[in-house]
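As a plain string of letters, each chain reads:
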Amino acid sequence: CPIILVPPSSTKWSQVPSVLKCWFPPHAGAQYEYILVEKRGDKNNVGFIQLNRPKALNALCDGLMKEVGQALDAFEADADVGAVVITGSDRAFAAGADIKEMQNRTFQECYGGNFLAHWNRVSTVRKPVIAAVNGFAVSITSPAACAEKSDILKISFFFFFFFFTTQDIGLSFK
Ligand SMILES: C[C@@H](CO)C(=O)SCCNC(=O)CCNC(=O)[C@H](O)C(C)(C)COP(=O)(O)OP(=O)(O)OC[C@H]1O[C@@H](n2cnc3c(N)ncnc32)[C@H](O)[C@@H]1OP(=O)(O)O
């Protein structure tokens, strides 16, 4: 007879032993530490992820980004879910990367270890992902990195290049 594993409702996802994680999807009972996850809508077909580190303005620490990836994996595999909404909480959508976590890492650790690799999961989800942005939404990127993504940005970067040699800073505040 099949064995069904049901984690206690107080269990945090990070406390679940890795070998057991494949036996029950995260949104089936185990709680996340940094995000709230549920299915919403009349037909229960909208995957809803709320970033939930309000005291740190939802700064994107490693654990939070891993959990977002796990939740996206679960919604991607769930045939009932047609689209996913990601939103923030309180005063912020997200204050960008967790700079406290980053401050002691060397360039070699970051670049060699490809430490932001798992951040890309959100861009590879095949279902529509909608960002419901509220409050602070902070990000910094370089024109060169943007230019890799689209022809329009390549042209913009061409003009940018003559005026700026330093990084471009993009900030969006409420
Ligand atoms: C890697 C690339 C990818 O694009 C990046 O994401 S770089 C972007 C990194 N983000 C930042 O540099 C933003 C840093 N934060 C701020 O500039 C300010 O917090 C603010 C968003 C302008 C809001 O200012 P405000 O005065 O309203 O709030 P506090 O500064 O007092 O912040 C409250 C609380 O949150 C902590 N916190 C805020 N942002 C971050 C962060 N990015 N990483 C870690 N922690 C963050 C802040 O330290 C405060 O916590 P406390 O020290 O009181 O425990």
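Cut-offs applied
- Residue indices follow the written sequence of each chain, beginning from 1 at its first position.
- In view of the model being predicted, local features appear only for residues whose pLDDT reaches at least 70, and side-chain atom pairs are presented and counted only at 80 or more, with totals across whole chains, interfaces and linings using the full set of residues.
- Water and hydrogen atoms were dropped before computing side-chain values, which therefore reflect all heavy atoms in the structure.
- Every case where a carboxyl oxygen of Asp or Glu lies within 4 Å of a side-chain nitrogen of Lys or Arg is listed as a salt bridge.
- The helix count covers DSSP runs of H or I at least four residues long, the strand count covers runs of E at least two residues long, and both are numbered beginning at the N terminus.
- Burial classes: relative accessible area under 20% of the type maximum marks a residue as buried, over 50% as exposed, and values in between as partly exposed (1.4 Å probe, protein chains only).
- Here a pair means two rings of Phe, Tyr or Trp (six-membered ring of Trp) with centres within 6.5 Å. Their orientation is stacked below 30 degrees between planes, edge-to-face above 60, and tilted elsewhere.
- As a reminder, the over-ring test applies to NZ of lysine and CZ of arginine, requiring each to be within 6 Å of the ring centre and within 35 degrees of the ring normal.
- Definitions used throughout: a 1 Å grid over protein atoms alone; a cavity as a set of points that fits a 1.4 Å probe which cannot get out; a pocket as an open set with protein on both sides within 12 Å along at least five of seven lines; a lining residue as one with an atom within 4 Å of a point.
- Grid points are joined across faces, edges and corners, and a volume is the space filled by probe spheres set on the points.
- Ten residue types, Ala, Val, Leu, Ile, Met, Phe, Trp, Tyr, Cys and Pro, are classed as nonpolar, four, Asp, Glu, Lys and Arg, as charged, and the remainder, Gly among them, as polar.
- Definition of nonpolar core: a set of buried residues of the types Ala, Val, Leu, Ile, Met, Phe, Trp, Tyr and Cys, connected through side-chain atoms within 4.5 Å.
- Two residues qualify as a contact provided that any one of their heavy atoms is within 4.5 Å of a heavy atom in the partner residue.
- By this definition, two strands are paired if DSSP reports at least two bridges between them.
- Only C-alpha atoms enter the line fits that serve as axes; for helices the fit covers just the stretch in contact. Angles between N-to-C directions range over 0 to 180 degrees.
- It suffices for a single heavy atom of a residue to lie within 4 Å of a molecule or strand for the residue to be listed as near it.
- The term polar contact refers here to a pair of N or O atoms within 3.5 Å; inside protein, the definition further demands a hydrogen-donor-capable atom paired with an acceptor-capable atom, and it admits residues adjacent in sequence only when both atoms are side-chain atoms.
- Each accessible area is a Shrake-Rupley estimate made with a 1.4 Å probe; only the visible protein chains count as cover when residues are assessed.

### Description of the pattern of salt bridges
- Taken as a whole and assessed by the stated rule, the structure comprises seven salt bridges.
- Two residues, E38 and R40, come together in a salt bridge whose shortest N-O distance is 2.8 Å.
- Between D62 and K66 there is a salt bridge, and its shortest N-O distance comes to 3.2 Å. Taken as a pair, D62 and K66 lie in helix α2 (residues 62-77) at a separation of four residues, close to a single helical turn.
- K66 gets classed as partly exposed once you look at its relative accessible area, which sits at 45%.
- Beyond isolated ion pairs, a larger network of salt bridges with shared partners links D73, E76, R121 and R126.

### Digging into the packing of aromatic side chains
- Counted by the stated rule, this structure contains one aromatic pair.
- Look at F107 and Y111: their rings are 5.5 Å apart centre to centre, the planes differ by 10°, and that puts the pair in the stacked class. Pair noted here: F107 and Y111 are both in helix α4 (residues 107-112), with a separation of four residues, about one helical turn.
- The ring of F48 carries R40 above its face, with NZ or CZ at 3.6 Å from the centroid.

### A closer look at empty space enclosed by the protein
- In total, this model carries one cavity of 30 Å³ or more according to the counting rule given.
- By volume, the largest cavity amounts to about 60 Å³.
- As for the largest cavity, its lining consists of L60, C61, D62, A97, D98, E101, M102, R105, F115, L116 and W119.
- A class-by-class count of the residues in the lining of the largest cavity yields seven nonpolar, no polar and four charged.

### Some details on the nonpolar core
- If you look at the biggest cluster of nonpolar residues, it comprises 19 residues, and the most contacted ones within it are I35, I49, L51, L64 and V84.
- Among the secondary structure elements, those contributing two or more residues to this core are β2 (46-51), α2, β3 (83-87) and β4 (92-94).
- Top element by residues in this core is α2. It accounts for six residues.
- Leave out the neighbours within four places in its chain, and I49 touches I35, L36, V68, A71, L72, F75, V84, V85, I86 and T87.

### Some words on the sheet that holds β2
- The mixed open sheet is built from four strands, whose spatial order is β1-β2-β3-β5. Either end of the sheet is taken by a strand with one partner, and the two such strands are β1 (35-40) and β5 (129-132). Averaged over neighbouring strand pairs, the angle between their axes works out to 20° when direction is ignored.
- Bridge count between β1 and β2: six bridges; the pairing is antiparallel. Looking at β2, one finds that V37 is bridged to I49.

### Here's the deal with unusual backbone geometry
- If you check the backbone angles, L57 has positive phi at about 50° while not being a glycine.
- Residue placement: L57 occurs in the loop between β2 and α2.
- The class of L57 is partly exposed, set by a relative accessible area of 23%.

### Here's the deal with the site of the ligand
- In the vicinity of the ligand lie 15 residues, with R91, A95, A97, I99 and I140 positioned nearest.
- Between the ligand and the protein, one listed contact pairs an oxygen atom with a backbone N or O atom of K55 at 3.3 Å.
- The side chain of K100 places a nitrogen or oxygen atom 3.0 Å from an oxygen atom of the ligand.
- Here the ligand loses 59% of its free accessible area of 990 Å² to cover by the protein chains.
- Elements represented by at least two residues in the shell around the ligand include exactly α3 (99-102) and β6 (136-140).
- The biggest single contributor to the shell around the ligand is β6, with four residues.
- For the shell around the ligand, the residue count by class is nine nonpolar, two polar and four charged.

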